[in-house]
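Chain residues, written in single-letter form:
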Amino acid sequence: MRLGLIGLGKMGGNMRERLRRAGHTVIGYDRDPELSDVAGLGELVGELEGPRVVWVMVPAGGPTQAVIDELAGLLSPGDIVVDGGNSRWTEDEKHAEQLAARGIGFVDAGVSGGVWGLENGYALMVGGDAEHIAAVRPVFDALKPEGEFGYVHAGKVGAGHFAKMVHNGIEYAMMQAYAEGWELLEAVDSVENVREVFRSWREGTVIRSWLLDLAVGALDGDEHLEKLRGYAEDSGEGRWTVEAAIDKAVPLPAITASLFARFASRQDDSPQMKMIAALRNQFGGHAVEAREGLSGT
């Protein structure tokens with residue numbers, strides 16, 4: 001199969017390579033000319049024969065919208081656009097409607113696998129009309145892991161990105177649980193080898209997982225994580241998961257707490273903790289600590 005791929009960053013570049021290894025012809029475009037096969041989107045579309053399939057792997061929001069707008073003017077009826085980035089599911093219907101007005105199909109694809117996807121394959125959650133999914137299926141089959149699992153047609157347009165969003169919300173909560181357990185183990189004097197405790201959990205336990213394997217790998221490189229700052233960004237999908245839960249009145253206490261924990265990680269001197277310390281001092285006379293260089297009055 002011959003297809004276009006827009007966005008050749010860490011994931012996009014590896015996806016191009018995996019598809020080529022599977023025998024597909026991939027025409028890639030990236031703003032970085034050293035990565036790109038063509039000079040622009042017009043040339044990319046010109047290199048493809050109809051009906052064309054163009055896969056978009058650029059950041060969500062404005063960059064994705066800009067690419068969709070340009071492709072809408074370049075593609076022909078019967079062509080298909082696949083958005084494989086981390087777009088918000090609410091944008092998918094808008095993109096599908098915009099392209100459908102020109103006779104162009106649209107598929108949203110949630111993609112998981114990170115930098116390991118080239119060798120291990122990518123988990124794919126896709127949404128869209130069955131006819132459009134069928135046309136792109138050879139690409140999905142090449143990208144997915146070997147075996148029975150790793151691919152699902154989750155439903156209509158938007159379902160793929162919604163499923164990926166929930167996947168990432170669950171990922172937040174799982175990582176938070178491992179992190180909290182690790183911190184507690186490190187805080188106890190009697191546990192002398194926290195790294196090996198984590199390693200022992202990799203077989204025979206109900207909490208074994210790929211994330212646990214990755215945690216052990218991180219501890220092998222820096223046993224007490226002394227080289228890292230306790231700061232964690234969020235991709236946006238954790239926020240969207242919580243917002244969707246509020247809209248649907250679905251309780252997500254673990255996922256919500258894990259998102260808020262990331263917010264807390266960005267505060268070297270937490271305003272919330274200042275208030276808690278002040279209140280404890282007021283009602284119980286508990287000691288408070290002044291910031292360095294300041295004294296109480």
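Preceding this section is the structure that the text describes.
What comes next is a walk through the structure. For clarity, every value in this text was computed on a predicted model and none was experimentally measured.

A few points about the overall build of the protein
Piece 1. When helices and strands are counted, the protein shows twelve helices and seven strands.
Piece 2. The C-alpha extent of the protein, read off along each of the three principal axes, is 75 × 45 × 40 Å.
Piece 3. Expressed as a percentage of the 297 residues in the protein, the buried residues total 40%.
Piece 4. Contacts in the protein between residues far apart in sequence, at least 24 positions, make up 64% of those at least 6 positions apart.
Piece 5. For the protein, the exposed surface amounts to about 16600 Å²; the carbon and sulfur share of it is 54%.

Examining helix α10 (residues 237-248)
Piece 1. Here α10 contains twelve residues, and its C-alpha end-to-end distance of 16 Å stays within 8% of the 16 Å for a straight helix at 1.5 Å per residue.
Piece 2. Buried residues in α10 make contact with α4 (89-100), α7 (159-187) and α11 (253-265).
Piece 3. Once α10 ends, the next one or two residues include A249, with phi positive near 55°.

A word on the pairing of strand β3 (residues 53-56)
Piece 1. Of the two faces of β3, the one holding V53 and W55 and the one holding V54 and V56 are both buried throughout.
Piece 2. Note that strand β1 (residues 2-6) and β3 share three bridges and pair parallel. From the neighbouring strand, L5 faces β3, where its bridge partner is W55.
Piece 3. Two strands pair when backbone bridges link them, and β3 and strand β4 (residues 80-83) are joined in this way by four bridges, in the parallel orientation. When the sheet's bridge partners are listed, V53 is paired in β4 with I80.
Piece 4. In terms of handedness, the path from β3 via helix α3 (residues 62-74) over to β4 forms a crossover that is right-handed.

Examining the nonpolar core
Piece 1. Among the nonpolar cores identified, the biggest contains 24 residues, and W55, V82, L124, V126, F140 and L143 are the most heavily contacted of them.
Piece 2. Elements with a contribution of two residues or more to this core: β1, α1 (10-21), β3, β4, β5 (105-112), β6 (123-127) and α6 (130-143).
Piece 3. With six residues, α6 is the single largest residue contributor to this core.
Piece 4. If sequence neighbours within four positions are ignored, L143 has contacts with M15, R18, L19, W55, G121, Y122 and L124.
Piece 5. Among the nonpolar cores identified, the runner-up in size contains 22 residues, and I27, V58, L99 and I104 belong to it.

Calculation criteria
Along each chain, residue indices are assigned from 1 in the same order as the chain's sequence is written. The predicted origin of the model limits local features to residues at a pLDDT of at least 70 and limits the giving and counting of side-chain atom pairs to 80 or more, whereas totals for whole chains, interfaces and linings rest on all residues. Excluding hydrogens and water, the side-chain values take into account all heavy atoms of the structure. Only runs of H or I of at least four residues qualify as helices and only runs of E of at least two qualify as strands under DSSP, and these elements are numbered from the N terminus. Think of it in three bands: residues with accessible area under 20% of the maximum for their type are buried, residues over 50% are exposed, and the middle band is partly exposed, with areas taken using a 1.4 Å probe on protein chains only. Pairs of residues are marked as contacts when any of their non-hydrogen atoms sit within 4.5 Å. Accessible surface is estimated by sampling points in the Shrake-Rupley manner with a 1.4 Å probe; for residues, cover comes only from the protein chains shown. The span you would expect from a helix comes to 1.5 Å times its residue count less one. Two strands pair if DSSP finds at least two bridges between them. With its strands directed away from the observer, a crossover is right-handed exactly when the path from the first strand over the helix to the second travels clockwise. Only buried residues count toward a nonpolar core. Its members are Ala, Val, Leu, Ile, Met, Phe, Trp, Tyr and Cys residues joined through side-chain atoms within 4.5 Å.

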